[in-house]
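Now for the letters of each chain:
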Amino acid sequence: GITSAGAVIVDSIEYWANDAFSAAAPPLLYSFTAHVVGEKVSRLIELAQRLNVPPSLAVPLVAESDSSSPVGARFEEWRTSHAAAAASEPALSDSASRELLA
């Protein structure tokens with residue numbers, strides 16, 4: 001599912017961008033995860049509404065293609081362009097962080 005992807009996203013960062021992963025503070029990883037999940041959910045809801053179908057039927061339409069880069073490989077570019085904004089966001093509570101990574 002989309003919202004349970006937190007651990008998979010962070011594992012992907014560790015694999016595909018290991019240096020950036022090792023240097024990143026947890027709040028930055030959480031922010032990236034929330035960003036990726038938020039964008040995917042937004043696209044899903046928008047598409048489902050436009051097609052007038054339940055979101056569950058639109059999930060395959062927003063799935064990553066085999067030709068897209070792994071999500072973890074996108075972390076470094078996101079970090080470079082969003083680090084200042086992510087650093088200024090309020091930190092997630094421990095429970096919200098655990099929920100993102102569950």
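Just above, that's the structure.
Residues numbered from 1 in each chain as written. Predicted model: local features only at pLDDT ≥ 70, side-chain atom pairs only at ≥ 80, totals over all residues. Heavy atoms only, no water.

**Q** What exactly am I supposed to notice about the side chain of K40 here?
**A** As for its placement among the helices and strands, K40 is situated in helix 3 (residues 26–51). We classify K40 as buried; its relative accessible area is 11%. From its side chain, K40 meets the backbone oxygen of V62 in a polar contact 2.6 Å long. (Helix = DSSP H or I, 4+ residues; strand = E, 2+ residues; numbered from the N terminus. Buried < 20%, exposed > 50% of the residue type's maximum accessible area, 1.4 Å probe, protein only. Polar contact = N/O pair within 3.5 Å; in protein donor to acceptor, adjacent residues only side chain to side chain.)

**Q** I keep staring at the packing of aromatic side chains and nothing clicks. Help me out?
**A** Ring pairs (aromatic) are described by centroid distance and by the angle formed between their planes. Enumeration according to the criterion identifies four aromatic pairs in this entry. When the centroid spacing of 5.0 Å and the interplanar angle of 80 degrees are considered together, the rings of Y15 and W16 count as edge-to-face. Judged by relative accessible area, which is 48%, W16 ranks as partly exposed. One aromatic cluster is present, formed by F32, F75 and W78 through successive ring pairs. (Phe/Tyr/Trp six-rings, centres within 6.5 Å; stacked < 30°, edge-to-face > 60°.)

**Q** Sorry if this is basic, but what is going on with the packing of helix 1 (residues 6–16) against helix 3 here?
**A** As a packed pair, helix 1 and helix 3 sit with axes 10 Å apart at the nearest point and diverge in direction by 120 degrees. Accordingly, the angle class assigned to the pair helix 1 and helix 3 is oblique. Considering the relative orientation of helix 1 and helix 3, their crossing is right-handed. In contact with G6, I9, V10 and I13 of helix 1, helix 3 contributes L29, F32, T33, V36 and V37. Of the residues assigned to the contact of helix 1 with helix 3, the class counts are seven nonpolar, two polar and no charged. (Axes fitted to C-alpha atoms, helices over the stretch in contact; angles between N-to-C directions. Parallel < 35°, antiparallel > 145°, perpendicular 65-115°, else oblique. Left-handed = near helix turned anticlockwise from the far one by under 90°. Contact = heavy atoms within 4.5 Å. Nonpolar A, V, L, I, M, F, W, Y, C, P; charged D, E, K, R; others polar.)

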